[in-house]
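Each chain, letter by letter, is given below.
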Amino acid sequence: MGVTIRYRATRNRWVVTETGERGRHQCTFRTEPEAEEYATKRSAELNENKFNGVMGRVQRKTFAEGLLRWIEEYDADSQRLSINWVANWMEANAPNVLLGQEALDAARRMQKEMRQKRLSQSTINNRTQVVKRVLSLAFREWDWIEQPLDAKLRKPAPKNERHIYLTADEIRELIIAVPEGRVVERKIILLACLTGLRRGELLALEPSNIQGGRIILRPGQTKSGKARVVPLPNDADELISDLPFATTDHKLRMAFEDARKAIGRKELRFHDLRHTYASLLAEAGEVMTTVQALLGHSSLVVTSRYAHMFESRLDKVAGRLPQLCDQNATRVLGLKGLDEVTH
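Here the structure is a predicted model, which is why all the values come from computation and not from measurement. (Residues numbered from 1 in each chain as written. Predicted model: local features only at pLDDT ≥ 70, side-chain atom pairs only at ≥ 80, totals over all residues. Heavy atoms only, no water.)

Student: What's the story with the confidence of the model for the chain in this structure? I'm lost.
Tutor: Any residue range with low pLDDT should be treated as having predicted coordinates unsuitable for detailed reading. Here the chain shows a mean pLDDT of 84. Residues at 70 or above account for 81%. When the elements of the chain are averaged for pLDDT, helix H14 (residues 327–339) gives the smallest value, 49, and helix H9 (residues 249–262) the largest, 96. (pLDDT = per-residue confidence, 0-100. Helix = DSSP H or I, 4+ residues; strand = E, 2+ residues; numbered from the N terminus.)

Put into structure tokens, the structure is as follows:
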């Protein structure tokens, strides 16, 4: 057990091998100094783990402890499915892994495994976000680790962007098609179109989330972990009169599937209602930064998938500029420019 360095001539690489209770792990480097630096760092970390809690040192926490504290302190129901999957994966593949570089390495192995199984980038990102959230809280709020590690986990933008949006008439058609007896589910589907909230965010709504005609989502209720404010339409009081909604994720899913089949839109997904909300905002004349804030996107890069919706508004910008290029002004400016030319 320990860390060793050797040179592999066939690949012209230096190999650092770490052997422990969980098997063997290797990293390759181009130069010997890089390999030695990494080996020294890992040796120190392993030594710290071995004597953890001795001589007054603060006992380190496991990833599972961080995950449990996050769930206890925040409303993370909107990420419940991803949290359960990550918890099960860690328990099977990295049991009792400590928060820090070890948890980061485990998360990278988790990402690699999901890519090998050809899961969608969106699914990989959702599960990666669970680990990022725990690492972020462990550093910024709980002081469990000494450096921020969440930024070291990448979440590439998905390449499977969908551009399916419903018009106002299509929304009405979908709502009417919700089966009789599914009154609660009908309200949720309509509210999704009018607020852009995710399915988990809608199912987690409570009376305390409604304040002054707005939906106030707390940090633990959103995918990004940040608070979000979404205005309610003037006639939406009936939609939020009985919170929390008396239904389940399964019942909502079945009601939505029945409705989309009834209108011949089997390709429609519940998340497309969120895209529909973005399109309604663009049609109403809202700017992209407003759409970013209302949807809770981390940056305009994410919101840029809707850029084509704003193109018609961009074309109108020139028409709103002051008219300065009249015949006299053009002639004077042209002559002035010629006078300034020297040879």
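Moving on from the coordinates now.
Student: How do you make sense of the pairing of strand S6 (residues 228–231) when you look at a structure like this?
Tutor: Successive residues of a regular strand alternate their side chains across the two faces of the sheet. Covered by surrounding structure in S6 are Arg228 and Val230 only, the residues Val229 and Pro231 on the alternate face being uncovered. Sheet topology places strand S5 (residues 214–217) next to S6; four bridges connect them, and they run antiparallel. Bridge pairing in S6 links Leu217 to Arg228. (Buried < 20%, exposed > 50% of the residue type's maximum accessible area, 1.4 Å probe, protein only. Pairing = 2+ DSSP bridges.)

Student: What's the story with the packing of helix H2 (residues 63–73) against helix H3 (residues 80–93) in this structure? I'm lost.
Tutor: When two helices pack together, their arrangement is given by the angle between the helix axes and by the axis-to-axis distance. Put simply, H2 and H3 touch, their axes get as near as 11 Å, and they point 160° apart. Looking at the two axes, H2 sits roughly antiparallel to H3. When you trace H2 past H3, the crossing you get is left-handed. Contact residues: H2 offers Phe63, Leu67, Trp70 and Ile71, while H3 offers Ile83, Val86, Ala87 and Met90. Considered class by class, the residues forming the contact of H2 with H3 number eight nonpolar, no polar and no charged. (Axes fitted to C-alpha atoms, helices over the stretch in contact; angles between N-to-C directions. Parallel < 35°, antiparallel > 145°, perpendicular 65-115°, else oblique. Left-handed = near helix turned anticlockwise from the far one by under 90°. Contact = heavy atoms within 4.5 Å. Nonpolar A, V, L, I, M, F, W, Y, C, P; charged D, E, K, R; others polar.)

Student: Is there a simple way to explain the pairing of S5 in this structure?
Tutor: Only one face of S5 is covered, namely the face carrying Ile215 and Leu217; the face carrying Arg214 and Ile216 is uncovered. Where strand S4 (residues 210–211) and S5 come together, two bridges link them in antiparallel fashion. Along S5, the bridge assignment pairs Gln211 with Arg214. The turn linking S4 back onto S5 is made up of two residues, and Gly212 within it adopts a positive phi angle of 55°.

Student: Help me understand the sheet that holds S5, please; the structure alone is not making it clear to me.
Tutor: Hydrogen bonds between backbone atoms are what pair the strands of a sheet, whose relative direction is either parallel or antiparallel. Overall, antiparallel pairing links the three strands, which are arranged S4-S5-S6 in an open sheet. In this open sheet, the two edge strands, each paired with only one partner strand, are S4 and S6.

Student: Can you walk me through the nonpolar core in this structure?
Tutor: Within soluble globular proteins, side chains that are nonpolar generally end up buried alongside one another. The biggest cluster of nonpolar side chains holds 39 residues, and the ones touching the most others in it are Leu174, Ile189, Leu191, Leu202, Leu205, Phe270 and Leu273. For this core, the element with the most residues is helix H7 (residues 183–195), which contributes five residues. Not counting residues up to four positions away in its chain, the partners in contact with Leu202 are Ile188, Leu191, Ala192, Thr195, Leu197, Phe245 and Phe270. If you look at the next biggest cluster of nonpolar residues, it comprises 28 residues, including Ile83, Ala138, Ile145 and Leu149. (Core = buried A, V, L, I, M, F, W, Y, C linked by side-chain atoms within 4.5 Å.)

Student: Explain the packing of aromatic side chains here, please?
Tutor: Geometrically, a pair of aromatic rings is defined through the distance of the ring centres and the angle of the planes. Throughout the structure, instances matching the rule amount to four aromatic pairs. Between Phe256 and Phe270, the aromatic rings sit 5.5 Å apart at their centres with planes inclined by 70°, giving edge-to-face as the arrangement. With Phe256 in helix H9 and Phe270 in the loop between H9 and helix H10 (272–283), the pair connects residues that are 14 residues apart, well separated along the chain. For Phe256, a relative accessible area of 3% puts it in the buried group. Between Arg133 and the ring centre of Tyr74, over which it is positioned, the NZ or CZ distance is 5.0 Å. Looking at Arg199, its charged tip hangs above the ring of Phe270, at a distance of 5.6 Å from the centre. (Phe/Tyr/Trp six-rings, centres within 6.5 Å; stacked < 30°, edge-to-face > 60°. Lys NZ or Arg CZ within 6 Å of the ring centre and 35° of its normal.)

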